[in-house]
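# Results of the structural survey
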Amino acid sequence: MEEKSDAFIVTVGGIGTFEEFFEILTLRSLDRHKKPIAILNTNGYYDHLVQFLQNGVKENFLKKENLDLFFVSDNEKEILSYIENFSDDEDKITKTRFV
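This report concerns the structure included in the present document. (Residues numbered from 1 in each chain as written. Predicted model: local features only at pLDDT ≥ 70, side-chain atom pairs only at ≥ 80, totals over all residues. Heavy atoms only, no water.)

Per the counting criterion, the structure on display carries one salt bridge. The shortest N-O distance in the salt bridge between D31 and K34 comes to 3.7 Å. (Salt bridge = Lys/Arg side-chain N within 4 Å of Asp/Glu carboxyl O.)

Strand order in the open sheet formed by three strands is β1-β2-β3, with parallel pairing between adjacent strands. Two strands close off the open sheet at either side, each with one partner strand: β1 (8-10) and β3 (71-73). With strand direction ignored, the average angle separating the axes of adjacent strands in the sheet is 20°. Sheet topology places β1 next to strand β2 (residues 37-40); three bridges connect them, and they run parallel. Residue pairing in the sheet places I9 in a bridge with A38 of β2. Sitting on the sheet, helix α1 (residues 15-29) is in contact with β1 and β2, with an inclination near 150° to β2. (Pairing = 2+ DSSP bridges. Helix = DSSP H or I, 4+ residues; strand = E, 2+ residues; numbered from the N terminus. Axes fitted to C-alpha atoms, helices over the stretch in contact; angles between N-to-C directions. Contact = heavy atoms within 4.5 Å.)

Shown next, in the form of structure tokens:
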């Protein structure tokens, strides 16, 4: 999946979806790819996951930069715009947006 994809959009799903998200996020944090990762947060489904990751930063288990590796929105057009306008430049840090 990693090599064949140009971007990753996480939609509502179960344990397999979580596993794929964390795998692709881990690979991005290790600079194995520089492709956009977006979470479509339908009806707030991923609110608790985002809070969990934010808590990991607060408790010093995650770097704040890890939260900048993906984009979160409940709006499909924003997700597509993020992907279409994504830049993997090292100087340009894409800020995570939590809706």
